[in-house]
Amino acid sequence: MRSVFCILTRARTITLRLSSHAQHGRFPRVYSLYDRQALRCSCTENSKPYYITTPIFYVNASPHIGHVHSAVTADCLHRYKLLKGYDSRFATGTDEHGLKIQQAASNAGQEPLSFCTEVSQRFKHVFQRCSISYTDYIRTTEPRHRQAVEHFWTVLQSKGFLYKGTYEGWYSTPDESFLTPAQVTDSTDSEGRRIKVSTESGHKVEWMEEDNYMFRLSDFRTKLLHWLQSNPKVIQPVKFHGLVLQWLEDDIPDLSVSRQKSRLQWGIPVPGDPEQTIYVWLDALVNYLTVVGYPQNHSQWWTAVHHVVGKDILKFHAIYWPAFLMAAGLPLPQVIYVHSHWTVEGKKMSKSLGNVINPLDAIEKFSVDGLRYFLLRQGVPDSDCDYYDDKVIKMCNSELADTLGGLLNRCTAPSINPTQVYPRFSNTCFPREELAGRAVSDDYRMMEAVSALPVLVEQHFENLHIYKALEAISACVRLTNGFVQRHAPWKLDRNDPGERRWLDTVLHVSLECLRVYGILLQSVVPGLAHKILSRLGVTPEERSWDSLKFLMRYEGRDCGLEGRALGPDLGVLFSRLERRTEKRKTPKMATTQDESKSE
């Protein structure tokens, strides 16, 4: 416990940066009413732009929790930036071209576009169910995207970075990836036949020889190295920054950026050469530009772009994509946030094992906020994380139902707060001079920890250590429960004036702690945070980052909530989860993380 105090107390020495907030009017339908009210008041007309993206997800099959983890991570950063006063845009969507889609549609007996539309709608539905508050949902089959890709191609060609050549080498259709000999190894298939596979994904590869267009990737190795060495935080966590530098230690070959139409029909034709189809990764990566209006009106947003990607597609985003942008004369991403994958009970998710987690099933079991909290609380970005139902149940019950829910229930119960108002604080009972009133040393340390919490959470969010931010919040919630338990306000005599002042002070401090937790948790569990803040009587205009001024009365300033009526009792904050004994059904049309081109 002492180490928790030390960590949080050190952080309070950092100055909390506050923003002024007003109205911001553009929101997608996936925001609920309280989202729009709370977030709208956190931006001004002159707010700094922020642009966050997920990968666009490959529509060879339905979404799983790996996809949701990417989306929830980006959603958390987007909501956090809105609370900070930024004018934030958030894009996600689906990647719908390529040989694998062409084959999947054929196997399903459907036209490619119909197949893509059906699966894309599943992603959209899952994201809406998971409260993913995107401002743009992009499909690579849209006309606006084709126009952007064609323009991007012509720019690369006009600058001399594309040339016609012959590609000879290994190609992985499941990964839609060209591989060097060092990335290929020997293996055997299910029938014992010798095959070549990718060392990274384990997928079968085939030797390919064809005439197509090549991108002069080798010209950019030095520039890429300089960019990474000059910007040590451009790829986070640092582990992945170092990995990309290792990849660039050796020469990098030029990259094939088209396929012969005779082999790949489902894609965007090369401008001026209809016998060639643009390589699916070049096509897909340009989606980030499409969303912000490329080539006409993208400049304001493109200087503020941040990508969230899975570790399996790091090379495409940290080497190919920056090289393409350099060649086109465009700014490079501000940050590439990288996360790792999920295993299930220690095993990689796989259709053959029947252990792919369907997000809709998980929501049914654990609720939207329960699933979001677990993925962000357990999702350590630089290492794979394990998923199993008992772990979700234990964490949600402990931290959401018992610790946080119990604290809210205790402090707002009519038996302890019969007038149902935000009680008044007494500086006599809780003075600035320690040991001069009824507060004890542990109370002051708790107060210091909560005061420091917003800065600590901000640091962790900026570094994609969301799990550390939630760990710090959870530690403070436990401290607040200890504060309430220590002073047992239910034992105090409300008819005694001195006891009544101390009772109100204990409740005021506790509700102030809950208010801070509610504001900080809005980007992680928006539904649950709304219930906390509404129960405390906090209006939508009082939920921005600027409102994180803790315990104003302790500082001798007015508190606008003091004496205000509490909001209505919205019921149990988070219902305890019970372990189900029935066998989990294998979800249909789900794919594994390693079986999708873009996690």
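Each value, and the rule that gives it
Residues numbered from 1 in each chain as written. Predicted model: local features only at pLDDT ≥ 70, side-chain atom pairs only at ≥ 80, totals over all residues. Heavy atoms only, no water. Helix = DSSP H or I, 4+ residues; strand = E, 2+ residues; numbered from the N terminus. Buried < 20%, exposed > 50% of the residue type's maximum accessible area, 1.4 Å probe, protein only. Pairing = 2+ DSSP bridges. pLDDT = per-residue confidence, 0-100. Contact = heavy atoms within 4.5 Å. Salt bridge = Lys/Arg side-chain N within 4 Å of Asp/Glu carboxyl O. Core = buried A, V, L, I, M, F, W, Y, C linked by side-chain atoms within 4.5 Å. Axes fitted to C-alpha atoms, helices over the stretch in contact; angles between N-to-C directions. Parallel < 35°, antiparallel > 145°, perpendicular 65-115°, else oblique. Nonpolar A, V, L, I, M, F, W, Y, C, P; charged D, E, K, R; others polar. Arc of directions from axis to C-beta.

1. Structural notes on the environment of Gly 346
So, step 1. Inspection of the secondary structure puts Gly 346 in the loop between strand E17 (342–344) and strand E18 (347–348).
So, step 2. Owing to a relative accessible area of 58%, Gly 346 belongs among the exposed residues under this scheme.

2. Considerations on the sheet that holds strand E12 (residues 258–260)
Two orientations exist for strands paired in a sheet by backbone hydrogen bonds: parallel and antiparallel.
So, step 1. Pairing within the open sheet is antiparallel, and its three strands lie in the order E12-E14-E13. Two strands lie at the open edges of the sheet, namely E12 and strand E13 (269–270), each paired on one side alone.

3. Notes on the pairing of strand E5 (residues 162–172)
So, step 1. Two strands pair when backbone bridges link them, and E5 and strand E9 (residues 206–215) are joined in this way by ten bridges, in the antiparallel orientation. Looking across to E9, one finds that Gly 165 is bridged to Asn 212.
So, step 2. Pairing of E5 with strand E6 (residues 177–179) involves three bridges; the strand directions are antiparallel. What sits directly across from Ser 172, in E6, is Ser 177.
So, step 3. The antiparallel pairing of E5 with E6 creates a hairpin that spans four residues between the two strands, and Glu 176 there sits at a positive phi of about 50 degrees.

4. With respect to the confidence of the model for the protein
So, step 1. Taken as a whole, the protein shows an average pLDDT of 87; of its residues, 89% reach a score of 70 or greater.
So, step 2. Confidence over residues 1–45 falls short of pLDDT 50; this stretch has 103 contacts with residues more than four positions distant or in other chains.
So, step 3. A low-confidence stretch, residues 583–596 (pLDDT under 50), is modelled with 50 contacts involving residues beyond four sequence positions or located in other chains.

5. A short note on the pattern of salt bridges
So, step 1. The full count for this structure, using the stated rule, is 29 salt bridges.
So, step 2. A salt bridge links Asp 75 to Arg 79; the shortest N-O distance between them is 2.9 Å. Highlighted residues: Asp 75 and Arg 79, both in helix H3 (residues 65–83), separated by four residues, approximately one helical turn.
So, step 3. Across the pair Asp 443 and Arg 486 runs a salt bridge, and its minimum N-O distance is 2.6 Å. Residue Asp 443 is found in helix H16 (residues 441–462), and its partner Arg 486 is found in helix H17 (residues 466–487); the two are separated by 43 residues along the sequence.
So, step 4. Classification of Arg 486 as partly exposed rests on a relative accessible area of 35%.

6. Overview of unusual backbone geometry
So, step 1. In this model, Gln 236 is joined to Pro 237 through a cis peptide bond whose omega is 0 degrees.
So, step 2. Structurally, the position occupied by Pro 237 is in the loop between strand E10 (235–236) and helix H8 (238–247).
So, step 3. The step from Tyr 294 to Pro 295 runs through a cis peptide bond, and the omega angle for that step is 5 degrees.
So, step 4. Mapped onto the fold, Pro 295 is located in the loop between helix H10 (287–291) and helix H11 (299–302).
So, step 5. The residue Glu 345 is not glycine, and still its phi comes out positive at about 50 degrees.
So, step 6. Residue position: Glu 345 is located in the loop between E17 and E18.
So, step 7. We classify Glu 345 as exposed; its relative accessible area is 61%.
So, step 8. Despite not being glycine, Leu 464 shows a phi value in the positive range, around 60 degrees.
So, step 9. Within the secondary structure layout, Leu 464 lies in the loop between H16 and H17.
So, step 10. Given a relative accessible area of 5%, Leu 464 falls into the buried group.

7. Some details on the nonpolar core
So, step 1. Among the nonpolar cores identified, the biggest contains 187 residues, and Phe 152, Phe 215 and Tyr 517 are the most heavily contacted of them.
So, step 2. Of all the elements, helix H18 (residues 497–520) adds the most residues to this core, at twelve residues.
So, step 3. Every residue in contact with Phe 215, bar those within four places of it in the chain, is listed here: Leu 156, Phe 161, Leu 162, Phe 220, Asp 254, Leu 255, Val 257, Ala 323, Phe 324 and Ala 327.

8. Focus: helix H4 (residues 99–107)
So, step 1. When we look at burial in H4, the residues that qualify are Leu 99, Lys 100, Ile 101, Gln 102, Ala 104 and Ala 105.
So, step 2. Here the buried face of H4 lies against strand E2 (57–58) and helix H5 (112–129).
So, step 3. With its phi angle positive at about 70 degrees, Gly 109 sits one or two positions after the end of H4.

9. Here we look at the packing of helix H7 (residues 221–230) against helix H12 (residues 314–328)
So, step 1. Running from N to C, H7 and H12 point in directions that differ by 105 degrees, and their axes come no closer than 10 Å. Taken as axis vectors, H7 and H12 run roughly perpendicular relative to one another. Judged by residue contacts, Lys 223, Leu 224 and Trp 227 of H7 engage Ala 318, Ile 319, Pro 322, Ala 323 and Met 326 from H12.
So, step 2. Taken together, the residues of the contact of H7 with H12 sort by class into seven nonpolar, no polar and one charged.

10. Observations concerning the packing of H3 against helix H14 (residues 368–378)
Axes are the key here: two packed helices are described by the angle between their axes and the distance separating the axes.
So, step 1. Put simply, H3 and H14 touch, their axes get as near as 10 Å, and they point 85 degrees apart. If you check the angle between H3 and H14, you find them roughly perpendicular. Here Ile 65, Val 68, His 69, Val 72, Thr 73, Asp 75, Cys 76 and Arg 79 of H3 lie close against H14, whose contacting residues are Arg 372, Leu 375 and Leu 376.
So, step 2. Looking at side-chain class alone, the contact of H3 with H14 contains six nonpolar, two polar and three charged residues.

11. Some points on H7
So, step 1. Taken together, the buried positions of H7 are occupied by Leu 224, Leu 225, Trp 227 and Leu 228. For H7, the arc enclosing every buried residue in end-on projection is 160 degrees, short of the 170-degree limit, so these residues lie on one face. Away from its buried face by more than 90 degrees, H7 exposes Thr 222, His 226 and Gln 229.
So, step 2. Each element contacted by the buried residues of H7 is listed here: E10, H8, H12 and strand E16 (335–339).

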